[in-house]
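Structural overview
Here's the letter readout for the chains.
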Amino acid sequence: MAYTNPNGVANALADVTATLTSILDETFQQASKTSMWTPNPALVQGFQNAKTGKIATVAVSGLGNYDQSKGFPEGLAAMTLEDYVLRYDRGVSYLLDQVDVMQSAGIPTASAVLAEFSRSQLVPEIDAVRISTVASKAIDGNVSKEHTPAKATILTEFTDALAAIENATGIDGGINILVNQKYGNVLRASTEITRTKDMESAAATLNNKVMSINDNPITYVPSKRMHTAFDLKPGTAGTMEGAGFAPASTAQEIVAIFTAPDCAHGVVAHNIQKIIPPDVNQNADGTKLAFRVYHDCIVPKNKVPGIYALVAPSA
């Protein structure tokens, strides 16, 4: 697909930045495994282009007896906004050799670089941070369990996790299940159910996918992103090494994460901060593109009962 600029040829930095930012947004939404954790604007505010915003906590009292002479019992309702600083401030710059992204012909090259960066680096890191944050909150809140995946027990463990969330919140559908791809075949081959072969067409296509459990959708996540803690590397200028992320030495592997709606809020604030063309960037033969992103995942205190984690034993 080609991107067109409504303002004509993109020879202004603002136009180029807007075009490349929209490409990043599209790629992120397509590649992310945690896009369902989009923040609720009523609860998470002010992170659009900055690392500081506010988180709302809502608390209300329960019902009392109505009295015909005194009327309604007085209740309490409060919404407090707390300042929150996103934990991760990350960035990278690329030198696009022999390309001037200030000209319209340069945008496809820049977009290809940014799209690959988003798919292979940005999205996996953000997904990993979000998933590990939710898992850590679940472990701290005693809404987790260690489980060694096995065909004879995995489905029971999943339904027990769903039942725990339903019992705590009353929500019995629409709970997102993120499953470690490493254990996808264990779930698909579960011996706790009777399977039939489903030939979908005249081409005899065999379908054994498990896409939901009791109206709760399943998303399969690459195992690299499914750990309880990660180390985000600082990066080293001019080299491919020393950047990115890796599981922390103390991390446990995650089997599955369960989240009810509005319990996890993945926040991303990013922009292309600098585009330095060759005529300005005289020490290098090409255009320099600098990208910066703030990201984090927020689980409000009163939403912890709506999450659950199954983690593999440390051993």
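Residues numbered from 1 in each chain as written. Predicted model: local features only at pLDDT ≥ 70, side-chain atom pairs only at ≥ 80, totals over all residues. Heavy atoms only, no water.

**Observations regarding empty space enclosed by the protein**
Under the defined criterion, the tally for this structure stands at one cavity of 30 Å³ or more. Computed from the structure, the largest cavity encloses a volume of approximately 30 Å³. Of all the secondary-structure elements, those providing two or more residues to the lining of the largest cavity are α1 (13–31), α2 (107–140) and β12 (265–276). With three residues, α1 is the single largest residue contributor to the lining of the largest cavity. Grouping the constituent residues of the lining of the largest cavity by class yields five nonpolar, one polar and one charged. (1 Å grid on protein atoms, 1.4 Å probe; cavity = no way out; pocket = protein on both sides within 12 Å on 5 of 7 lines; lining within 4 Å. Points joined across faces, edges and corners; volume = space filled by probe spheres on them. Helix = DSSP H or I, 4+ residues; strand = E, 2+ residues; numbered from the N terminus. Nonpolar A, V, L, I, M, F, W, Y, C, P; charged D, E, K, R; others polar.)

**A look at a nonpolar patch on the surface**
Together, V58, V60, M79 and L81 line one region of the surface with nonpolar side chains, adding up to about 370 Å² of accessible area. Among the secondary structure elements, those contributing two or more residues to the nonpolar patch are β2 (52–60) and β3 (77–85). (Patch = residues over 30% accessible without salt bridge, like charges linked within 9 Å, V, L, I, M, F, W, Y side chains within 5 Å. Areas by Shrake-Rupley, 256 points an atom, 1.4 Å probe, with all protein chains shown as cover. Salt bridge = Lys/Arg side-chain N within 4 Å of Asp/Glu carboxyl O.)

**Quick look at the sheet that holds strand β14 (residues 307–311)**
Pairing is mixed across the open sheet formed by six strands, whose spatial order is β5-β14-β11-β6-β8-β7. The two strands at the open ends of the sheet, each matched to only one other strand, are β5 (144–146) and β7 (212–213). For strand β6 (residues 176–180) and strand β11 (residues 254–259), the ladder comprises four bridges, and the chain directions are antiparallel. Bridge pairing in β11 links V179 to A256. (Pairing = 2+ DSSP bridges.)

**With respect to the layout of surface pockets**
In this structure, the second largest pocket encloses a volume near 470 Å³. Lining the second largest pocket are 22 residues; nearest its centre among them are T38, P39, G266, V267 and V268. The residue makeup of the lining of the second largest pocket, split by class, is eight nonpolar, 12 polar and two charged.

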